[in-house]
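Structure assessment
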Amino acid sequence: MNYEIIKRKIKKIFASVKIKLFFTISLIILSIIIFLIIVNSFALENFYLYSKQKTLKAVYGKINDYYLENIQNTNIETELEKISVRNNFDILIKDNNGINVYTTNKNFSSVMGTINDIIDNFNNGKELEKNERFYIKKQRDNKNGVLYMMLSGKLDNGYFVYIRIPVTFIQDSVNISNNFLWIIAGITILVAAILVTIVSDKFTGPILELNNIAKKMSNLDFSQKYNSTDTKDEIDDLGKSINRMSEKLETTIKQLKNTNIELEKDIEEKSKIDEMRKTFISDVSHELKTPIALIQGYSEGLLENVNSDEESRKFYAEVILDETNKMDKLVKQLLELMKLEYGKREFNNTTFDIVELEKEVIRKSQVMLEENQIELEFEEKQEIHVIADEFYIEQVLTNYITNAIKNVKEKLGKKKIKIYNKIDTEQNKVCIKVFNTGENIKEENLNRIWKRFYKVDESRNREDGGTGIGLSLVKAIMSNYNDDYGVNNVEDGVEFYFELDMKL
């Protein structure tokens, strides 16, 4: 039992942000140090040897040039001394008889001995480069145990030149550098531990406070709020966001409680919704079934010569043609409605005069207006240019006016339809309104009339009732424009409206 408690405590410690941050920083520091040590150990020495090898060849070339140019001996010695001091080289020059011409280090001269001794000693080294003029090898001096890089070559004037540089110290430098890096790593990790402790407290304090707030929120307790600081950092922004979320959640939960009560009432409406679905199916089937039945009946009458006179056959044919046209219109309207509702129809927006379009729709409706003895009021003279698809806006106007003609009723001794436009200069919109005298639409039907096949008049007179799709088309067209549309009950009748953007 005690072991499990200790184990849980250890896990909790290592789950702490401070510990994770400390180990992360320590791991990064150690990775960098190890990388530098690897580079030091394997690359630094080789790079140093390569660099010094190039320097040896360059010095050899300079010495050869000095003797070819016949510079005075004192001047050559001065230049050789500079090269020796600058590069830490030992330089020895012998003539073709083995006599020393110049040396920067007497010990170097004595160590090298005769030319034969030099050759024997040089042959024991590791060859780094060789050509017709010189050799470069790395070898160890048996007397002092120092590792050298040495060039042995012959000058163009016949002299022999020997140049060496100790390379043992570079290995010592690498070891010293590696040891220093380990010390730096230890100091850096120690400093990091102190900094992590100081810095993490400033971060973990607000985070722990936010965690406590979140725990209370999970228990639907929204009483605790985050106390904002002056840091204006991401944690402060998070705290403010949690406060806003807490307020919204509290408000939403209250609304959900109220909505739950309303939902209980809505369950009672479920049977009504089912009935509406049945009515919808009945409407669709009726709209297609009735014309087909009529066509079938009159077609059979023609085939069986029920009435043999020409006038009767003509009447039968006209009925069939009329019903066929109604079916064709219904199918086309349904297809158009589906394309509009599912976004498969592109709008060709242009600028046009809505007043001129209204006049054209009124002209087309003149016969129906006269047949129904309807008084039309429309006196708009000012041009109003709008941006929309003229073809579809004409359909909206036609549906509104046709709907008004079918539903107009006599009020105060006359049947009246009024069309007028109201301009909103602030919103840069025009609202087109179509009013007809008659009975108000019941409140529960104001939204239903936009549904396909829905008719306020349940008797569905085939001559006057239409297909029940017109207002659904209006809804689909205006929804594509995201403009306002609708219907209002007003005194002595109803008023349909829709809005359009005006051209600036």
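Here is a short report on the structure shown in this document. (Residues numbered from 1 in each chain as written. Predicted model: local features only at pLDDT ≥ 70, side-chain atom pairs only at ≥ 80, totals over all residues. Heavy atoms only, no water.)

Section: unusual backbone geometry
Let me state the cut-off plainly: The secondary structure listing takes helices from DSSP runs of H or I that are at least 4 residues long and strands from runs of E that are at least 2 residues long, numbered from the N terminus.
Notably, Asn428 is not glycine yet its phi reads approximately 60°, a positive angle. Mapped onto the elements of the fold, Asn428 is located in the loop between strand E10 (416-424) and strand E11 (429-437). You will see that Asn482, though not glycine, has its phi angle at about 60°, which is positive. Within the element layout of this structure, Asn482 appears in the loop between helix H13 (470-481) and strand E12 (485-490).

Concerning the environment of Ile417
The following threshold applies: The classification of residues rests on relative accessible area computed with a 1.4 Å probe and restricted to protein chains. Under 20% of the type maximum is buried, over 50% is exposed, and intermediate values are partly exposed. Residues count as neighbours in contact if any of their non-hydrogen atoms are within 4.5 Å of one another.
Residue placement: Ile417 occurs in strand E10. Residue classification places Ile417 among the buried residues on the basis of a relative accessible area of 0%. Between the C-alpha atoms of Ile417 and Glu377, which are 40 residues apart in sequence, the distance is 6.2 Å. Contact partners of Ile417, with chain neighbours within four places excluded, come to Leu369, Ile374, Glu375, Leu376, Glu377, Ala404, Ile405, Val408, Val434, Phe435 and Asn436.

Focus: the pattern of salt bridges
Put simply, the test is: Salt bridges are defined as contacts in which a side-chain nitrogen from Lys or Arg sits within 4 Å of a carboxyl oxygen from Asp or Glu.
Scanning the entire structure with this criterion turns up 11 salt bridges. The closest approach of N and O atoms between Arg164 and Asp90, which form a salt bridge, is 3.1 Å. Residue Arg164 is located in strand E6 (residues 160-166), and its partner Asp90 is located in strand E1 (residues 90-94); the two are separated by 74 residues in the primary sequence. Both residues of the pair, Arg164 and Asp90, belong to the buried class. Salt-bridge contacts for Lys416 lead to Glu377; the nearest nitrogen and oxygen are separated by 2.8 Å.

Here we look at the side chain of Asp95
Stated precisely, the cut-off is as follows: We treat Lys and Arg as the positive residues and Asp and Glu as the negative residues; His and chain ends play no part in the count. By the criterion applied in these results, polar contacts are pairs of N or O atoms within 3.5 Å in which, for protein atoms, one can donate a hydrogen and the other can accept it, and in which residues neighboring in sequence qualify only through two side-chain atoms.
Positionally, Asp95 belongs in the loop between E1 and strand E2 (100-103). Within the buried set, Asp95 has no salt-bridge partner at all; the shortest N-O distance to an opposite charge, 7.6 Å, is to Lys94. Polar contacts involving the side chain of Asp95 include one to the main-chain amide nitrogen of Asn97, which spans 2.9 Å. A distance of 2.8 Å separates a polar side-chain atom of Asp95 from the backbone nitrogen of Ile99.

Quick look at the sheet that holds strand E3 (residues 126-130)
In plain terms, the rule: Only strands that DSSP links by at least two bridges are regarded as paired with each other. To obtain each axis, a line is fitted to C-alpha atoms, and for helices this fit is confined to the stretch in contact; angles are then taken between N-to-C directions over 0 to 180 degrees.
In space, the 6 strands of this open sheet follow the order E2-E1-E6-E5-E4-E3, with antiparallel pairing throughout. Two strands close off the open sheet at either side, each with one partner strand: E2 and E3. When the angles between neighbouring strand axes are averaged without regard to direction, this sheet yields 15°. Pairing analysis gives 5 bridges linking E1 to E6, with the strands arranged antiparallel. Among the inter-strand pairings, Asp90 is bridged to a residue of E6, identified as Arg164.

Details of the sheet that holds E10
Spatial strand order, E8-E10-E11-E13-E12: 5 strands in an open sheet with mixed pairing. Whereas interior strands pair on both sides, the edge strands pair on one side only; in this sheet they are strand E8 (375-377) and E12. On average, each strand axis in the sheet is inclined to that of its neighbour by 20°, with strand direction left out of account. Bridge analysis of E11 against strand E13 (residues 493-501) gives 9 bridges, and the strand direction is antiparallel. Looking at the pairing, Lys429 lines up with Asp501 of E13. Lying on the sheet, helix H10 (residues 354-364) is in contact with E8, E10, E11 and E13; it crosses E10 at an angle near 170°.

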